[in-house]
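A structural walkthrough
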Amino acid sequence: MRNLFIVVDGMDGSGKTELIKMLHNHLFSKDKRFKLLTTREPSTGVYGQQIRKMLAEERDPQQNAERLFELFVRDRDDHLRRTIGPFLSEEGDGCNIVLCDRYYYSTLAFQQTQGIPFARILEMNKGFRKPDVAILLDVKPETALKRISGRLKEKFENLDFMRQLRSNFLALKDRLEDNILVIDANRKPQSVFEDAKKAVDWLVS
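Definitions and limits used
Residues numbered from 1 in each chain as written. Predicted model: local features only at pLDDT ≥ 70, side-chain atom pairs only at ≥ 80, totals over all residues. Heavy atoms only, no water. Pairing = 2+ DSSP bridges. Helix = DSSP H or I, 4+ residues; strand = E, 2+ residues; numbered from the N terminus. Axes fitted to C-alpha atoms, helices over the stretch in contact; angles between N-to-C directions. Parallel < 35°, antiparallel > 145°, perpendicular 65-115°, else oblique. Contact = heavy atoms within 4.5 Å. Nonpolar A, V, L, I, M, F, W, Y, C, P; charged D, E, K, R; others polar. Expected span 1.5 Å × (residues − 1). Bend = angle between axes of the 7 residues up to and from the residue. Core = buried A, V, L, I, M, F, W, Y, C linked by side-chain atoms within 4.5 Å. Buried < 20%, exposed > 50% of the residue type's maximum accessible area, 1.4 Å probe, protein only. Phe/Tyr/Trp six-rings, centres within 6.5 Å; stacked < 30°, edge-to-face > 60°. Polar contact = N/O pair within 3.5 Å; in protein donor to acceptor, adjacent residues only side chain to side chain. Arc of directions from axis to C-beta.

Section: the sheet that holds strand 3 (residues 95-101)
- Within the open sheet, the five strands sit side by side as 2-3-1-4-5. Their pairing is parallel. Here the strands that pair on one side only, and so sit at the sheet edges, are strand 2 (34-40) and strand 5 (180-184). Geometrically, the sheet is characterised by an average inter-axis angle of 20 degrees between neighbouring strands, direction not taken into account.
- Taken together, the five bridges between strand 4 (residues 133-138) and strand 5 define a ladder with parallel strand orientation. Its bridge partner lying in strand 5, Ile135 is registered against Leu181.

Have a look at this one:
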């Protein structure tokens, strides 16, 4: 059995966190040989904490694009070296599986929407480990905003910004050679989970 790196990505309000919980519970029950690590970006490291502070305090979605871009790349490098890489390097009779909430797909989509050229973002992220599958949750911006209306808004949760962001996310499947699965996340969580489960079960079969 080989170790696996699985990413779930998409806009805020797409249901990423809920899907990762469901996938974690499914895999935990599926095989006792599976060892699971659930993590996310921005990470809990020093760069991730700076990112979270900026996202919470700033209101203009176009503000500090370069600084955020730099921080996301540094955070990803740190996250891979400290957490994801060591876990996936472990050897044994079982299967180590990382479930990661966001990855470089978010940087490619968000920072491109902020105005940074796609080619430049891709160049800075091309050396990072590719996941075995990236599950991209597609949701209408209006639906996403309704789902997150009960909590404090962050800087990117702006309808016009999110419309362009959605287009940039969806374009990734054609612009990258990664194994990207786009799932309609406008539906109920269970329906989304059933589609994602098929892809994950195929990987671990």
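After that view of the structure, there is still more to cover.
A few points about the packing of helix 3 (residues 65-89) against helix 4 (residues 104-113)
- Where helix 3 meets helix 4, the closest approach of the two axes is 11 Å, and the angle between their N-to-C directions is 175 degrees. Taken together, the axis directions place helix 3 and helix 4 in an arrangement best described as roughly antiparallel. Residue-level inspection shows Ala65, Leu68, Phe69, Phe72 and Arg76 of helix 3 in contact with helix 4, the latter providing Tyr104, Thr107 and Gln111.
- Residue classes in the contact of helix 3 with helix 4 are distributed as five nonpolar, two polar and one charged.

Some points on helix 3
- Taking 1.5 Å of rise per residue, the 25 residues of helix 3 would be expected to cover 36 Å, and the 33 Å separating its terminal C-alpha atoms lies within 8% of that figure.
- A bend of about 50 degrees at Leu80 is the largest found in helix 3.

Let's talk about the nonpolar core
- Residues Leu19, Leu23, Ile97, Tyr105, Ile135 and Phe169 are the most contacted members of the largest nonpolar core, which totals 64 residues.
- Once residues lying within four places of it in the same chain are set aside, the contact partners of Leu19 are Val8, Ile135, Leu137, Val192, Phe193 and Ala196.

Digging into the packing of aromatic side chains
- Evaluation of the coordinates by the stated rule reveals eight aromatic pairs.
- Between Tyr103 and Tyr104, the ring centres sit 4.6 Å apart and the planes meet at 35 degrees, which makes this aromatic pair tilted. The residues Tyr103 and Tyr104 share a single accessibility class, namely buried.
- Between Tyr103 and Tyr105, the aromatic rings sit 6.4 Å apart at their centres with planes inclined by 55 degrees, giving tilted as the arrangement.

Observations concerning the side chain of Asp178
- Among the secondary structure elements, Asp178 is positioned in the loop between helix 7 (159-175) and strand 5.
- Classification of Asp178 as buried rests on a relative accessible area of 12%.
- Of the polar contacts made by the side chain of Asp178, one reaches the side chain of Tyr104; its length is 2.4 Å.
- Here Tyr105 takes part through its side chain, which lies 2.6 Å from a polar atom of the side chain of Asp178.
- Sequence-distant contacts of Asp178, defined by excluding residues within four places in its chain, comprise Tyr104, Tyr105, Lys130 and Pro131.

Looking at helix 1 (residues 16-30)
- Taking 1.5 Å of rise per residue, 15 residues should cover 21 Å, and helix 1 covers 21 Å from first to last C-alpha, within 8% of that figure.
- Of all the positions in helix 1, only Lys16, Leu19, Ile20, Met22, Leu23, His26 and Leu27 are classed as buried. The buried residues of helix 1 occupy an angular sector of 165 degrees when projected down its axis, which confines them to one face. Turned more than 90 degrees from where helix 1 packs its buried face, Asn25, Phe28 and Ser29 sit exposed.
- Elements in contact with the buried residues of helix 1: strand 1 (4-10), strand 2, strand 3, strand 4 and helix 8 (189-204).

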